[in-house]
Every structure is written in structure tokens, then in C-alpha cells.
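Residue-level structural notes
Spelled out from the first residue to the last, the chains are:
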Amino acid sequence: MSFKDSIDKDRLPQHIAIIMDGNGRWAKQRGKLRTFGHKHGVKSVRETAESAAELGIKYLTLYAFSTENWNRPRAEVNALMRLLVQTINKEVKTLHDNNIKLMAIGELDSLPAVTRKELNNAIDETAHHNRMSMILALSYSSRWEIANAAKIIAKRVAENEISPEDINQNLFESHLTTNYFPDPELLIRTSGEHRISNFLLWQIAYAELYFSPKLWPDFRKEDLYEAIVDYQNRERRFGKTSEQIIK
Ligand code: IPE
Ligand code: IPE
Ligand code: MG
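So, here's what we can say about the structure. (Residues numbered from 1 in each chain as written. Chains lettered and ligands numbered in written order. Predicted model: local features only at pLDDT ≥ 70, side-chain atom pairs only at ≥ 80, totals over all residues. Heavy atoms only, no water.)

1. Some points on the environment of glycine 106
Note the threshold: Each helix is a run of DSSP H or I of at least 4 residues and each strand a run of E of at least 2, with the numbering of both proceeding from the N terminus. Should any heavy atoms of two residues lie within 4.5 Å, those residues are considered in contact.
Residue position: glycine 106 is located in the loop between strand S3 (100-105) and helix H4 (113-125). The contacts of glycine 106, once residues within four sequence positions are left out, are Leu138, Ser139, Tyr140, Trp144 and Thr177.

What follows is the structure in C-alpha cells.
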């Protein structure tokens, strides 16, 4: 039996976020360069996006490259940027076939011009799709995003557009790059690491965290279904008592 059969279609998370980790270790286990692992991670992205869209998930955010990842060896960074261009090029068809809109969050200005161009083209070409939004976090880090929001708000105060009293959680949130999306209800990290690595710190305040031991290139549809079943078996209390939730 597939985990898919146990999924309650009426209680799906609207938004799933994934920290796609373990490509380097996957390659190393096979005696290959880290880049080999990144290449094989593309299939996992395709499978995850397809199965999420088929199920009816509305938003899928994938952590593809963090601000801190710029500190990796130059050759790996370059290879990742090239792979990104090639993948976007090749996978636009998958996005069309599955009616998926591509979006991106992060400090996109720091990406190489050719990567940015390819990304923006794919974003424009898929803008009319509406089954699911796939959001790539690129050159993203949550502390960058939060500091950036504070800067924009401070400028608006300085220009008398808003007053300090207007600053509340809703206003702050509307200055984050995730302004257009609901918070993820489910955050998945692969590769057995139990940390967040500067991803969506504000937005996961009440997300359910799911850690898979699988390395990202081994992650398949069934693994996503398993994570969703696990999510659906949890009691989300949001600070209340269990009795308040059940009644
Ligand atoms: C995740 O895999 C991909 C990126 C961070 C770009 P890693 O490259 O971090 O692989 P490990 O964690 O070293 O195995
Ligand atoms: C997090 O993975 C970033 C992405 C998956 C893009 P890392 O491999 O960079 O995280 P750490 O260094 O293990 O925390
Ligand atoms: Mg890693």
C-alpha cells in the first residue's frame, strides 16, 4: 500500500517548504564529485513538484541556494549556477505540463546575469499557471530577509508614509519576500540533519517539522506522501489545549 492512500485530501497542507539537503554526501558515497549529487537532485525536484501538484498542494517552496552557500568553493558555486540555468531551461516543460507557476525569493540581484535572465524568463512564461506555485529560494537567508524588511519599513517611516505605531506583525510580514504566500504548514528537511539553516525563520513559527533520513537525490514521491501522512497525524494546537482542539 502506498502512503498516498492514507492521505486525507481534505486536510492537505496548503504550503510545503523543503530544505533539499544531502547532494554532496550522496555523490561522495558513490566516489563522485559533489556536483554529481546536485545533478541527480534535479529528478527529486521534478518528482516532488509533480506529486505535490497532483495532490493539490498550492505552494511548494524549495531551498535551492542559501546566502551562506556563496562561501562554498568557487567551482561548486559556479557549477550550481550553471546547473540552475540548464535545469530551468529543461524543466519549463514540466512546469507547463503540470500547470505550475514558477516564482523566486531571495537576493536575486546577487545571481549571475545569465542565471537571473533564465529565471526571469521562466517566471514570466509560467505566470499564467495556477494549479501550484513553485517558489525557489535562491541566494536566500531568513536573517537577510528580516533585516531587509526592517530597512524598507524604516525608510517608509522616515518618509512619513507610515508611523512607528503602524508597525505590527501584519505590516512586518507584508514586507517579507513571502508576502504573496501563506506560511508553510509543513517543513521537510532531508539528509538527517536537524536544523533550519537560516530558512523561513519568521514563516515557520507554527510549521510542523519533518526530518527525513533520505539524501535529497534519493527523495521520491512516496517520501513526500509519507511526510504528509505524518503531518496529518499531528495535533496542531497553536498554544491551546488538546481539549480545545478536539471539541
Ligand atoms: C544541498 O546539498 C544542496 C545545496 C545546499 C545547494 P549539499 O550540497 O548541502 O549536500 P551535503 O549536505 O553536503 O551532503
Ligand atoms: C541548507 O543546506 C541550504 C540548502 C539546502 C540550499 P546546507 O547544506 O547549506 O546547510 P548546513 O550548512 O548543513 O547547515
Ligand atoms: Mg548540506
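2. Details of unusual backbone geometry
The following threshold applies: Note on exposure labels: buried denotes an accessible area under 20% of the residue type's maximum, exposed denotes more than 50%, and partly exposed covers the range between, all computed with a 1.4 Å probe on protein chains only.
One non-glycine residue, asparagine 160, lies in the positive phi region at around 60 degrees. Asparagine 160 sits in the exposed class, given a relative accessible area of 70%.

3. Quick notes on helix H7 (residues 221-232)
Each α-helix winds once per 3.6 residues, and so residues spaced three or four apart point in a common direction. Selection criterion: Helix span, as expected, comes to 1.5 Å for every residue beyond the first.
In this model H7 runs 17 Å from its N-terminal to its C-terminal C-alpha over 12 residues, within 8% of the 16 Å that 1.5 Å per residue would give. Listing the buried residues of H7 in full gives Asp223, Leu224, Tyr225, Ala227, Ile228, Val229, Tyr231 and Gln232. For H7, the secondary structure elements touched by its buried residues are strand S1 (15-19), helix H2 (34-55), strand S5 (186-189) and strand S6 (208-211).

4. Description of the packing of aromatic side chains
Where two aromatic rings form a pair, the distance of their centres and the angle of their planes describe that pair. Put simply, the rule reads: Any Phe, Tyr or Trp ring, taking Trp's six-membered ring, that has another such ring centre within 6.5 Å forms a pair; planes under 30 degrees apart are called stacked, those over 60 apart edge-to-face, and the others tilted. Two thresholds decide whether a charge sits over a ring: the Lys NZ or Arg CZ must be within 6 Å of the ring centre and within 35 degrees of the ring normal.
Following the criterion strictly, the structure yields 10 aromatic pairs and no others. Both rings, one in phenylalanine 172 and one in tryptophan 202, keep their centres 5.0 Å apart while their planes meet at 25 degrees; by these two values the pair is stacked. Of the two residues, phenylalanine 172 sits in helix H6 (residues 169-173) while tryptophan 202 sits in the loop between S5 and S6, which places them 30 residues apart along the sequence. Classification of phenylalanine 172 as buried rests on a relative accessible area of 15%. What links up through ring pairs into an aromatic cluster is the set Tyr59, Tyr180 and Phe181. Seen from the ring of tryptophan 26, arginine 30 lies directly overhead, with NZ or CZ sitting 3.8 Å from the centre. When the ring centre of phenylalanine 36 is taken as origin, the NZ or CZ atom of lysine 32, which lies over that ring, is 5.2 Å away.

Limitation: the analysis is restricted to geometry and does not speak to function.
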